[in-house]
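Geometric and topological summary
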Amino acid sequence: MANIITLERIGKFIIWFWNKYIKKKYIPYIDLEFHYPNYLFIALGSIVAAIGHSNYLR
């Protein structure tokens, strides 16, 4: 089970990747907290971890 810091980092990386490669709007990784709320990173990281865990159980 992942802790809250790991979930936040996973979510933050996904948002950074989305902004850089999909939206083509570069926001430095360190500045993402000023553009998006922290609960978004945790929620997104939790969703990714839950999907990954459910696939692991199959």
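Residues numbered from 1 in each chain as written. Predicted model: local features only at pLDDT ≥ 70, side-chain atom pairs only at ≥ 80, totals over all residues. Heavy atoms only, no water.

Our next topic: a nonpolar patch on the surface. A contiguous nonpolar surface patch, about 630 Å² in accessible area, is contributed by F13, F17, W18, Y21, I22 and Y29. Position of I22 among the secondary structure elements: in helix 1 (residues 4-22). (Patch = residues over 30% accessible without salt bridge, like charges linked within 9 Å, V, L, I, M, F, W, Y side chains within 5 Å. Areas by Shrake-Rupley, 256 points an atom, 1.4 Å probe, with all protein chains shown as cover. Salt bridge = Lys/Arg side-chain N within 4 Å of Asp/Glu carboxyl O. Helix = DSSP H or I, 4+ residues; strand = E, 2+ residues; numbered from the N terminus.)

A word on the packing of aromatic side chains. When we look at a pair of aromatic rings, we describe it by the centre distance and by the angle of the planes. Across all of its chains, the model carries four aromatic pairs by this definition. Both rings, one in W16 and one in Y21, keep their centres 6.4 Å apart while their planes meet at 90°; by these two values the pair is edge-to-face. Overall, W16 belongs to the buried group, its relative accessible area being 16%. Here the aromatic rings of F17 and Y21 are separated by 4.9 Å at their centres, their planes lie at 45°, and the arrangement is tilted. With F17 and Y21 both in helix 1, this residue pair falls four residues apart, about one helical turn. The exposure class assigned to F17 is partly exposed, which follows from its relative accessible area of 40%. A residue is classified by how much of its surface remains accessible, and Y21, at 42% relative accessible area, is partly exposed. An aromatic cluster is defined as three or more aromatic residues linked by ring pairs; in this entry it consists of F13, W16, F17 and Y21. (Phe/Tyr/Trp six-rings, centres within 6.5 Å; stacked < 30°, edge-to-face > 60°. Buried < 20%, exposed > 50% of the residue type's maximum accessible area, 1.4 Å probe, protein only.)

By the element assignment, G11 lies in helix 1. Ignoring anything within four residues of it in the chain, the contact list for G11 reads F41, L44 and G45. (Contact = heavy atoms within 4.5 Å.)

With that out of the way, let us pick up the confidence of the model for the chain. Confidence in the prediction for the chain averages 90 pLDDT; 95% of positions are at 70 or higher. At the low end of the mean pLDDT range in the chain sits helix 3 (residues 38-57), at 88; at the high end sits helix 1, at 94. (pLDDT = per-residue confidence, 0-100.)

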